[in-house]
Amino acid sequence: MSRRLVRRVVGQGLAAGAIGAVVMTLGEKVEQRRTGRPDSFVPARVLERLVGADEQTGARSTATNWAMHFGQAALLGVVRSTMAHAGLRGPLASAKFTVLRLTTDQVLENATGVGAPPQTWPRGELVLDVVHKTVYAFTTGLVADALAAKEGPGPGQRHAAAVPGRHADVGPVPRDSAFGR
């Protein structure tokens, strides 16, 4: 993969992840108005513990919360962009990415002691978390897929097109044509 392609993948991923975070956040705010659920400061606590900072309250905590919320979402968007450029696109790829998003949250929250395993959560909270992260993952996927599609099929798609269907005897596409060269 060329440096130019890596820069495109990263830039597109950051943009896709940020857009996914905006859409997820808007959905969360609508849900919070309807349910009365307060804002969560878990992202802020995770970031503070990851960097060894003192735990904050008030406006400083809100700024830290947004930094973690949008920063993590943007960075994970790079993974989804990488998937799209490799040829892993569409709803199935976004479903896989949803699992990655949920897992990343849980690893960070549990490793820092800020969160508890999801199986211990009230069911309503768990459902809301899964729904919001699914919105993020599918929105991020739509954007990443659309941006990657402008550059044509990814290597996996090129391989699949060589001989449609599952075949054990089909080798990889030639290295020099994996990215459409």
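Residues numbered from 1 in each chain as written. Predicted model: local features only at pLDDT ≥ 70, side-chain atom pairs only at ≥ 80, totals over all residues. Heavy atoms only, no water.

1. Focus on the side chain of E48
Consideration 1: As for its position among the elements, E48 is in helix α2 (residues 42-51).
Consideration 2: Residue classification places E48 among the buried positions, given a relative accessible area of 2%.
Consideration 3: When neighbours within four sequence positions are excluded, E48 is seen to be in contact with A53, D54, E55, Q56 and T64. (Helix = DSSP H or I, 4+ residues; strand = E, 2+ residues; numbered from the N terminus. Buried < 20%, exposed > 50% of the residue type's maximum accessible area, 1.4 Å probe, protein only. Contact = heavy atoms within 4.5 Å.)

2. Regarding the side chain of D105
Consideration 1: Mapped onto the elements of the fold, D105 is located in helix α4 (residues 91-111).
Consideration 2: Overall, D105 belongs to the buried group, its relative accessible area being 4%.
Consideration 3: In this structure, D105 is in contact with Q72 and K133, ignoring residues within four places of it in sequence.

3. Some thoughts on the packing of α2 against helix α3 (residues 58-86)
Consideration 1: Where α2 meets α3, the axes come as close as 7 Å, and the angle between the chain directions of the two elements is 85°. Between α2 and α3, the crossing angle belongs to the class labelled roughly perpendicular. On α3, the residues that touch V42, P43, A44, R45, V46, L47, E48 and L50 of α2 are S61, T64, N65, A67, M68 and H69.
Consideration 2: Here the residues of the contact of α2 with α3 are counted per class, giving eight nonpolar, four polar and two charged. (Axes fitted to C-alpha atoms, helices over the stretch in contact; angles between N-to-C directions. Parallel < 35°, antiparallel > 145°, perpendicular 65-115°, else oblique. Nonpolar A, V, L, I, M, F, W, Y, C, P; charged D, E, K, R; others polar.)

4. Quick word on the environment of L47
Consideration 1: Its place among the elements puts L47 in helix α2.
Consideration 2: Taking the C-alpha atoms as reference points, L47 and A149, 102 residues apart in sequence, are found 34 Å from one another.

5. Some points on α4
Consideration 1: The end-to-end C-alpha distance of α4, which contains 21 residues, comes to 30 Å, matching closely the 30 Å that a straight helix rising 1.5 Å per residue would cover.
Consideration 2: Buried within α4 we find A93, S94, F97, T98, R101, L102, T104, D105, Q106 and E109.
Consideration 3: Each element contacted by the buried residues of α4 is listed here: α1 (3-35), α2, α3 and α5 (123-149).
Consideration 4: G113 lies just past α4 and shows a positive phi near 80°. (Expected span 1.5 Å × (residues − 1).)

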